[in-house]
Amino acid sequence: MSFPKIIIDEKKFLHNIKVAQEICAEKGIEVLAVTKGFCGNRRMAELFAKGGIKFFGDSRLDNFEVYKDIKGHKQLLRLPQLDEIPRLVELCDSSLNSELETIKAISDYCLANNKTHEVIVMVDLGDRREGFLPEDTVEACGKIINEMKGVKLIGLGCNFGCYGGRIPSDEAMKIFADLNNEVQTKYNVKFSHISGGNSLSLHLVWENRMPKEVNILRMSFAMIFGTEDKYRKTIRNMHRDTFQCQAKVIEVKRKSSMPIGEPGLDAFGNIPTFEDIGDIDRVICAIGKIDTMFDAMIPLDKDMEILGGSSDHMIINVNKCKKQYKVGDIITFDLDWGSLLYLFNSSYVEKEFINKID
């Protein structure tokens, strides 16, 4: 098996999927599994399906192509581009939307081609990524319902944490629930898909703070890492170590902590800064910034400190480590969202599945 590699424990992942569904099912909420972090890896979609997932979401249509034959509702999470509409309608049952121009284009395409497509209107409740502002939402929904007959508005959605880092508040969620009720009452429609956020909203479920109107949560982070987004604490009865990365040591040297010579730009156009702590024992691993996000890699050896690196090298301070590392040793890392994305997206990183499910 080649290195570097990301290791996926199928049994632990399946367990996390089932625990997440049990938590949500107690409140009448369905889990929509977000597959975008796996960058089109079919096996990951298969594992979600084996875990009983019936709703799948991704941000890239190319990824839906990989598992389009897997049964379930498919939802495009990133707002559609106008030139994507034919593929969108072919591959996806629904999409998140926040532009009337785009929704009208989807409607026109469906009418012209005898197709159907469902839309969820996104509401910006403070995180300042996509979405209509609350004060504009009801009117926008009216235009969709009354003027765009090629699409069906099936509900509203909201999102937190991904851009502004905002945590869903009781006030924001009340606004969201009230908007859903107002639109349904005003236009005499019944929503089937009220999407109350992502993994960052999961704590609202077990804290009994999620509005009763919400019946869908878009989720991936919690099932991947066994933690919730707000506190980064392990969710009871979930596994934290389902995904890990391993890289091999290719150099072991004792060197000065300070580079020598006139300072300039590094390989990425930045001016690096260094602290002079004298000579240090360092190892270089055969993994780089082309493969992963260093800030989101957590060595299992807690005495290690990742100093940085370049496109293909990771440099680690092992001064405080009890183990004496040598060339050929394997370094294991726990992951976070950023490192997982990079690792799955890198063609240079082996994907190894262990404890396989039939």
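Note that this is a predicted model, so its numbers are computed, not measured. (Residues numbered from 1 in each chain as written. Predicted model: local features only at pLDDT ≥ 70, side-chain atom pairs only at ≥ 80, totals over all residues. Heavy atoms only, no water.)

To continue, consider the overall build of the chain. Along the backbone of the chain there are 10 helices and 15 strands. Principal axes of the C-alpha set define a box for the chain whose edges measure 70 × 50 × 40 Å. Of the contacts formed within the chain by residues at least 6 apart in sequence, a portion of 63% connects residues at least 24 apart. Accessible surface for the chain amounts to roughly 17400 Å². Of this, 48% is attributable to carbon and sulfur atoms. Put simply, the chain has 48 plus and 53 minus side-chain charges, and the middle of one group is 5 Å from the middle of the other. (Helix = DSSP H or I, 4+ residues; strand = E, 2+ residues; numbered from the N terminus. Contact = heavy atoms within 4.5 Å. Areas by Shrake-Rupley, 256 points an atom, 1.4 Å probe, with all protein chains shown as cover. Lys, Arg positive; Asp, Glu negative; His and termini not counted. Charge placed at Lys NZ, Arg CZ, Asp CG, Glu CD.)

A few words on the nonpolar core. In this structure, F13 and F243 are the most contacted members of the largest nonpolar core, which totals 93 residues. Counting contributing residues, this core receives three or more from each of domain 1 (9–225) and domain 2 (243–354). Among all residues touching F13, those that are not within four sequence positions of it are F38, M44, L47, F48, M223, I224, T242 and F243. Core analysis: the next-biggest nonpolar cluster, separate from the first, contains 9 residues, L32, F55, L77 and I120 among them. (Core = buried A, V, L, I, M, F, W, Y, C linked by side-chain atoms within 4.5 Å. Buried < 20%, exposed > 50% of the residue type's maximum accessible area, 1.4 Å probe, protein only. Domains from an automatic or database assignment.)

Tracing the chain through its elements places D266 in the loop between β9 (243–256) and β10 (279–285). Within the local environment of D266, its side chain forms a polar contact with the backbone nitrogen of F268, the two atoms lying 2.8 Å apart. (Polar contact = N/O pair within 3.5 Å; in protein donor to acceptor, adjacent residues only side chain to side chain.)

Moving on: the sheet that holds strand β2 (residues 30–34). Sheet architecture is open: 7 strands sit in the order β7-β6-β5-β4-β3-β2-β8, paired in parallel fashion. In this open sheet, the two edge strands, each paired with only one partner strand, are β7 (151–158) and β8 (216–219). Strand-to-strand twist of the sheet, defined as the mean angle between neighbouring strand axes without regard to direction, takes the value 30 degrees. In the sheet, strand β6 (residues 117–123) pairs with β7 via 7 bridges, with the strands oriented parallel. Residue pairing in the sheet places V119 in a bridge with L153 of β7. (Pairing = 2+ DSSP bridges. Axes fitted to C-alpha atoms, helices over the stretch in contact; angles between N-to-C directions.)

When the parts of a complex come together, some accessible area is lost, and that lost area is often used as the size of the interface. Here the chain is described as being made up of domain 1 (9–225) and domain 2 (243–354). Each of domain 1 and domain 2 has a C-alpha centre, and these two points are 36 Å apart. At the interface, 15 residues of domain 1 touch 11 residues of domain 2. Contact with domain 2 buries area across many residues of domain 1, yet G37, C39 and F225 alone supply 35% of it, more than any other trio. Across the contact surface, domain 1 and domain 2 share 0 salt bridges. Contributions of two or more residues to the side of domain 1 that touches domain 2 are made by α1 (10–25), α2 (42–50) and α9 (221–225). When its residues are assigned to classes, the side of domain 1 that touches domain 2 shows 8 nonpolar, 3 polar and 4 charged. (Buried area = accessible area lost by both parts, 1.4 Å probe. Salt bridge = Lys/Arg side-chain N within 4 Å of Asp/Glu carboxyl O. Nonpolar A, V, L, I, M, F, W, Y, C, P; charged D, E, K, R; others polar.)

This part covers α2. Taken residue by residue, α2 has R43, M44, A45, L47 and F48 as its buried positions. Its side-chain oxygen 3.1 Å from the backbone nitrogen of R43, N41 forms the N-cap of α2. In the segment just after α2, G52 is the residue with positive phi, at about 95 degrees.

Across a regular strand the side chains alternate sides, sitting on one face of the sheet and then on the other. Side chains H73 and Q75 of strand β4 (residues 73–76) all project onto a buried face; the interleaved residues K74 and L76 project onto the opposite face, where all are buried too. By the bridge criterion, 4 bridges tie strand β3 (residues 55–58) to β4 in an arrangement that is parallel. The residue bridging G57 from the neighbouring strand is Q75, located in β4. Handedness of the β-α-β unit built from β3, helix α3 (residues 61–66) and β4 comes out right-handed. Sheet topology places β4 next to strand β5 (residues 94–97); 2 bridges connect them, and they run parallel. Residue pairing across strands places Q75 opposite S94, the latter belonging to β5. Read as a crossover between parallel neighbours, the route from β4 over helix α4 (residues 85–91) to β5 is right-handed. (Right-handed = clockwise from strand over helix to strand, strands pointing away.)

Attention shifts here to the pattern of salt bridges. A pair can form between side chains of opposite charge whenever their charged atoms are brought close. Per the stated rule, a full pass over the model turns up 22 salt bridges. Between E46 and R42 there is a salt bridge, with its nearest N and O atoms 2.9 Å apart. Remark: R42 and E46 occur in helix α2; sequence separation between them is 4 residues, near one turn of the helix. Judged by relative accessible area, which is 23%, E46 ranks as partly exposed. D178 serves as the salt-bridge partner of K174, at 2.8 Å between the closest nitrogen and oxygen. Within this pair, K174 and its partner D178 are both found in helix α7 (residues 170–187), separated by 4 residues, close to a single helical turn. Residue classification places K174 among the exposed positions, given a relative accessible area of 52%. Residue D178 is classed as partly exposed on the basis of its relative accessible area, which comes to 37%.

Moving on, we come to the packing of aromatic side chains. Applying the stated rule across the entire model yields 10 aromatic pairs. Every member of this aromatic cluster is reached through a ring pair, and the members are F13, F38, F48, F243 and F344. (Phe/Tyr/Trp six-rings, centres within 6.5 Å; stacked < 30°, edge-to-face > 60°.)

Further remarks concern the side chain of R282. Mapped onto the elements, R282 comes out in strand β10. Although R282 lies buried, it forms no salt bridge, and the closest oppositely charged side chain, E251, sits 4.3 Å away as judged by the N-O distance. With residues up to four places along the chain from it excluded, the contact list for R282 reads E251, V252, K253, K255, I315, I316 and V318.

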